[in-house]
Amino acid sequence: ILNVEQSPQSLHVQEGDSTNFTCSFPSSNFYALHWYRWETAKSPEALFVMTLNGDEKKKGRISATLNTKEGYSYLYIKGSQPEDSATYLCAFKTGGGADGLTFGKGTHLIIQP
Amino acid sequence: DAMVIQNPRYQVTQFGKPVTLSCSQTLNHNVMYWYQQKSSQAPKLLFHYYDKDFNNEADTPDNFQSRRPNTSFCFLDIRSPGLGDAAMYLCATSIFPPASSTDTQYFGPGTRLTVL
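Residues numbered from 1 in each chain as written. Chains lettered and ligands numbered in written order. Predicted model: local features only at pLDDT ≥ 70, side-chain atom pairs only at ≥ 80, totals over all residues. Heavy atoms only, no water.

Trainee: Give me the overall build of chain A: which residues, what numbers.
Mentor: When helices and strands are tallied, chain A shows zero helices and eleven strands. Counting from the amino terminus, chain A carries its helices and strands in the arrangement β-β-β-β-β-β-β-β-β-β-β. Once the C-alpha set of chain A is aligned to its principal axes, its extents read approximately 40 × 30 × 20 Å. Taken across its 113 residues, chain A has 48% of its residues classed as buried. Long-range contacts, defined here as pairs at least 24 residues apart, represent 53% of the contacts in chain A between residues at least 6 apart. Distance from the positive charge centre (10 side chains) to the negative charge centre (11 side chains) of chain A: 4 Å. (Helix = DSSP H or I, 4+ residues; strand = E, 2+ residues; numbered from the N terminus. Buried < 20%, exposed > 50% of the residue type's maximum accessible area, 1.4 Å probe, protein only. Contact = heavy atoms within 4.5 Å. Lys, Arg positive; Asp, Glu negative; His and termini not counted. Charge placed at Lys NZ, Arg CZ, Asp CG, Glu CD.)

Trainee: Help me get a handle on the nonpolar core, residues and values and all.
Mentor: Judged by nonpolar contacts, the single largest core of 23 residues is most densely connected at A:Leu33, A:Trp35 and A:Tyr88. Mapped onto this core, the elements with two or more residues apiece are strand E2 (10-14), strand E3 (19-24), strand E4 (32-38), strand E5 (45-50), strand E7 (62-67), strand E8 (72-77), strand E9 (86-93) and strand E11 (107-112) of chain A. Ranked by residues supplied to this core, first place goes to E9(A) with four residues. With 18 residues, the next largest nonpolar core counts B:Leu46, B:Phe47, B:Ala87 and B:Leu113 among its residues. (Core = buried A, V, L, I, M, F, W, Y, C linked by side-chain atoms within 4.5 Å.)

Trainee: Could you give an account of the sheet that holds strand E7 (residues 64-67) of chain B, with specific residues and numbers?
Mentor: Residues and elements named next belong to chain B. Taking strand neighbours across the sheet as the criterion, the four strands line up as E1-E3-E8-E7 in an open arrangement whose pairing is antiparallel. Single-partner strands in this sheet number two, and they are strand E1 (4-7) and E7. Going from strand to strand, the sheet's axes swing by 20° on average, the running direction of each strand aside. Bridge count between E7 and strand E8 (residues 73-78): four bridges; the pairing is antiparallel. Counterpart to Phe64 in the pairing with E8 is Ile78. (Pairing = 2+ DSSP bridges. Axes fitted to C-alpha atoms, helices over the stretch in contact; angles between N-to-C directions.)

Trainee: Break down the environment of A:Tyr36 for me, citing the residues and quoting the values.
Mentor: One can find A:Tyr36 in strand E4. With twelve residues separating them in the primary sequence, A:Tyr36 and A:Phe48 have C-alpha atoms 7.2 Å apart. Not counting the four nearest positions on each side in its chain, A:Tyr36 is found in contact with A:Pro44, A:Glu45, A:Ala46, A:Leu47, A:Thr87, A:Tyr88, A:Leu89, A:Leu101, A:Phe103, B:Thr104, B:Gln105 and B:Phe107. Within polar-contact distance, the side chain of A:Tyr36 engages the backbone oxygen of B:Gln105 at 2.9 Å. (Polar contact = N/O pair within 3.5 Å; in protein donor to acceptor, adjacent residues only side chain to side chain.)

Trainee: Report on the interface of chain B and chain A, specifying residues and quantitative values.
Mentor: Listed as interface residues are 23 residues of chain B and, on the opposing side, 23 residues of chain A. Taking both sides of the interface into account, the surface hidden between chain B and chain A amounts to around 1,800 Å²; carbon and sulfur atoms contribute 60%. Summed over the shared surface of chain B and chain A, the number is zero salt bridges. Our count for the contact surface shared by chain B and chain A stands at seven residue pairs in polar contact (both at pLDDT 80 or more). (Buried area = accessible area lost by both parts, 1.4 Å probe. Salt bridge = Lys/Arg side-chain N within 4 Å of Asp/Glu carboxyl O.)

Trainee: An account of the state of the cysteines is requested, with residue identities and associated values reported.
Mentor: Tallied over the entire structure, the rule returns two disulfides over all chains. Covalently, A:Cys23 is tied to A:Cys90 through a disulfide, its sulfur atoms 1.9 Å apart. Negative torsions about the S-S bond denote left-handed disulfides, and the value of about 75° found for A:Cys23 with A:Cys90 makes this one right-handed. Pair noted here: A:Cys23 is in strand E3 and A:Cys90 is in strand E9, with a separation of 67 residues, a long-range link. Between the sulfur of B:Cys23 and that of B:Cys91 lies a disulfide, 1.9 Å long from S to S. With the S-S dihedral at roughly -75°, the linkage between B:Cys23 and B:Cys91 falls on the left-handed side. (Disulfide = S-S within 2.5 Å.)

Below is the structure:
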């Protein structure tokens with residue numbers, strides 16, 4: 001059984017502060033690690049897909065790193081804004097087939113003005 | 001804009017009364033997925049269609065069925081909903097084989113099912 005763990009479960013951050021949270025996943029049979037942002041009443045939005053150990057990806061103020069050998073990924077948000085409030089989900093994929101993703105429970109981020 | 005659409009967004013059904021959730025996509029993707037997310041839990045894959053081939057997850061209850069009449073539409077049928085089936089149901093699509101290893105899945109906004 002694959003287990004994807006995210007921490008913390010929830011996080012309150014002051015506007016303007018930077019923050020980060022963690023996704024841990026099995027280090028064996030790794031194919032890809034996905035990050036999604038899910039705002040209330042909207043569709044989960046893909047942020048990053050990372051496949052290589054040491055990968056770093058950036059999209060605006062959000063960036064992510066990947067360590068496949070030890071089985072973790074960090075998501076960083078620099079200078080948090082109220083619109084960053086969302087649940088951030090990570091998901092793990094084994095193999096390159098059409099199979100689905102194994103998700104963590106998410107980190108619920110609230111940015112306080 | 002190409003997208004994944006789910007109807008209805010909110011569905012209320014009675015214990016034991018069959019219910020169907022709908023998903024459509026304009027992305028022309030050949031793979032469609034159904035995920036179930038119960039409160040405070042991770043989204044969990046129920047099954048997926050690769051073209052017309054149905055792939056059920058080993059632990060998906062028999063109470064859950066799916067139909068894919070064409071590329072664009074996929075339905076989730078719950079034959080006899082129980083209180084434990086109350087959840088958010090997410091539909092997603094992808095293309096296989098992917099153009100690159102970083103291709104992702106595209107999600108609809110979900111249908112929240114309440115069972116009374």
